[in-house]
Amino acid sequence: MVLKKVKEVCIWVAMAVMLIVPVQVMSGRHKGQAQEIRVQKYNRYFLESICQKALGNSSAQYDLLERALSYCPEAPEALVEMASLKARNPLVSMQEVDSLYRKAVRLRPANGQYLWETARFELEAGMTDSAIVLLEKLKTDPALKSNAYATLMDIYLQQEKDSMLVNHIDEWLKEGDAEEETIRREKYKALMRLCRYDDALKDVDILCGISPKDEYYPVLRPMILLEKGDMFQAWQVDSLILLNSPENVYAQLFRLQYYEMTGRGQEMETLLERFLLDSCRSPQDRLPYAKLYISRCTRVHQEQRIDSLFHLLFCQPMSTAHLVDVYVAYLDQKKAPDSSYTTVMGKKVEIDPSDKISRLRWVWGLYNQQNFPLLLDACEQGIVAVPEEMCYYLLGGIAASSIKEYARALRIFQEGQTHVVSQSDDGQSIVSDFFSSYGDLLYNMGEKEKGYAMYDSSLVRNPSNVSTLNNYAYFLALDSIRLDDAERMAALAVKYAPDESNFLDTYAWVLFRRGQYEKSLAPIEKALQRMKNPSHQATLYEHAGDIYIMLGMEEKALQAWGEALQREGASSLLPQKIKLKKYLEP
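The following paragraphs examine the structure supplied in this document. (Residues numbered from 1 in each chain as written. Predicted model: local features only at pLDDT ≥ 70, side-chain atom pairs only at ≥ 80, totals over all residues. Heavy atoms only, no water.)

**Observations regarding helix H9 (residues 162-175)**
- Compared with an ideal rise of 1.5 Å per residue, which puts 14 residues at 20 Å, H9 spans 20 Å between its outermost C-alpha atoms and is within 8% of the ideal.
- Considered for burial, the residues of H9 that qualify are Asp 162, Leu 165, Val 166, His 168, Ile 169, Trp 172 and Leu 173. Viewed end-on, H9 has its buried residues packed into an arc of 165°, placing them on one side of the element. Counted as exposed and oriented over 90 degrees from the buried face of H9: Asn 167 and Lys 174.
- In this structure, the buried side of H9 is in contact with helix H8 (145-158) and helix H10 (180-193).
- Just downstream of H9, Gly 176 is the residue with a positive phi angle, here 80°. (Helix = DSSP H or I, 4+ residues; strand = E, 2+ residues; numbered from the N terminus. Expected span 1.5 Å × (residues − 1). Buried < 20%, exposed > 50% of the residue type's maximum accessible area, 1.4 Å probe, protein only. Arc of directions from axis to C-beta. Contact = heavy atoms within 4.5 Å.)

**Quick word on the pattern of salt bridges**
- Across all of its chains, the model carries 45 salt bridges by this definition.
- Here Arg 185 and Glu 181 are joined by a salt bridge, their closest N and O atoms 3.6 Å apart. Residue Arg 185 and its partner Glu 181 are both found in helix H10; the two are separated by four residues, about one turn of the helix.
- Given the relative accessible area of 23%, Glu 181 is considered partly exposed.
- In this structure, a network of salt bridges that share partners links the residues Asp 377, Glu 380, Glu 405, Arg 408 and Arg 411. (Salt bridge = Lys/Arg side-chain N within 4 Å of Asp/Glu carboxyl O.)

**Quick word on the side chain of Asn 248**
- Relative to the elements of secondary structure, Asn 248 occurs in the loop between helix H13 (231-244) and helix H14 (249-261).
- Note on Asn 248: relative accessible area 2%, which makes it buried.

**Quick notes on the packing of helix H25 (residues 448-461) against helix H26 (residues 466-478)**
- Close contact between H25 and H26 brings their axes to 10 Å; oriented N to C, the two are set at 150°. By the angle between their axes, H25 is roughly antiparallel relative to H26. The chirality of how H25 crosses H26 is left-handed. Between H25, through Tyr 452, Tyr 455, Asp 456, Ser 458 and Leu 459, and H26, the contact on the second element is made entirely by Thr 468, Leu 469, Asn 471, Tyr 472, Phe 475 and Leu 476. (Axes fitted to C-alpha atoms, helices over the stretch in contact; angles between N-to-C directions. Parallel < 35°, antiparallel > 145°, perpendicular 65-115°, else oblique. Left-handed = near helix turned anticlockwise from the far one by under 90°.)

**A look at the packing of aromatic side chains**
- Counted according to the given criterion, the structure contains 29 aromatic pairs.
- Seen in terms of ring centroids, Phe 512 and Tyr 583 are 5.0 Å apart; in terms of plane orientation they differ by 75°. Their pairing is edge-to-face. With Phe 512 in helix H28 (residues 501-513) and Tyr 583 in the segment after helix H32 (574-580), this pair connects stretches of sequence that are 71 residues apart.
- Judged by relative accessible area, Tyr 583 falls into the buried class, the value being 14%.
- An aromatic cluster of at least three residues, connected via ring pairs, comprises Tyr 443, Tyr 452, Tyr 455, Tyr 472, Tyr 474 and Phe 475.
- The residue whose ring lies beneath Arg 255 is Trp 235, and the NZ or CZ to ring-centre distance is 3.7 Å.
- Over the face of the ring belonging to Trp 235 we find Arg 264, whose NZ or CZ atom lies 5.9 Å from the ring centre. (Phe/Tyr/Trp six-rings, centres within 6.5 Å; stacked < 30°, edge-to-face > 60°. Lys NZ or Arg CZ within 6 Å of the ring centre and 35° of its normal.)

Shown next as structure tokens:
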């Protein structure tokens, strides 16, 4: 590193010596000894300032330049260095900096580097007109004329002076040192903006000659003709291109543009759909068609066609996610509901199994749709792909339990339990849900004590897990054990979710099991008012009937039991209760 820095300093010093040689030669012509001393001191301070510049010591460089200029105020190389330093100081005005650059240019009008640095500063400072004058002078400098031409082209582009731009590019092309293809493309665009279509066609002919294998340039011809209003000729030229090169994407896109400009929207959409569904084309090649199709259908308010077409597309095998990402961007733009993303995320995982974010979105989407068979398969794939992700064990266990594949669910939960210790503090919430669902499974399989142990593990991770509090309390009440704990947990669940009918039902049921019939009446009636989930309705109505009958409200009890009997999931004891008009222990 030290050797590298020394080398840089040596280079800077060598450059500085080259700059001050004229001053030394000139100093020899002065006969006065005092003048000779001034020049020597100038040289010493200037050289030292260059060394400090190479070392990155701007403050020392500034002080040394000031001293150097005090001995030779007309030294252009020192003026340029000082201007460059002051340009970086926000406290120095642009006029002061520009005056230093301009003074150096006046002293050495033939020095192209001084002209270039001055022009660059003036462009940054917004002094465009004066910078243009300097750049025009630089056109004759062999070393810097390419910079001058390129910068002037950028200026005319920004100023939207297309006529000047075209003339400037023609002049640059005559010089013969330009990158012809690049600047001819800019000339073509300027000619099109100027509506000089015939000149644009000539320019395109030259571009086709420069790059004969480029498929884009030939299609510029029908595009120009279309803009010119020659519809028939544009169609003919494009047809000829497709005849010689049927897979030319640009020629196909032109055809779509032609249909749109001539008001043939239906033909345009049909052609787009054919291109998009052509599985022989790569996803990358179909990308422009997909974007155009979405834009077109959105504009004419036919979004349902977009969804239908992309769902057909997703049935095809794909090697990249380009088309899927276009559809995701469309869904994002229209703020589609989460359910719209499920199939898309599944396709992204099919294409790239290492896409962890898409996989998680996919399984949560399947869970929200209650598509348990597909969710179970997706979670088992997730367990193989990302074995440390607890979400797959949680949702996979729930899915297997929901379709009554209890052995499969047990295996998933057992495997998931081995990954619990590796979870960070941020992952404890999902671990709590995992143990809660594991507890549900074990209890329903008859492993009650093990189920209770899982609920305890759940509450250790998250004491306010309402699902655990509710289920734990309900099963304790069902078994008529630890009813104090059951009441405390049921009350907490209701506190955290006061409008959840299932939790209110549990709280009422616990109070009922404790013999507190009057106290259980308010929560059960509130539960009936808040009831939403059909899967809980039979149980809730039966519990309401149990409470009513124990309070002597026989008519209400029979009515509630009757409601329960009409719903799926009614208990086998219900007909007996109704017949005997009394509560029966389960």
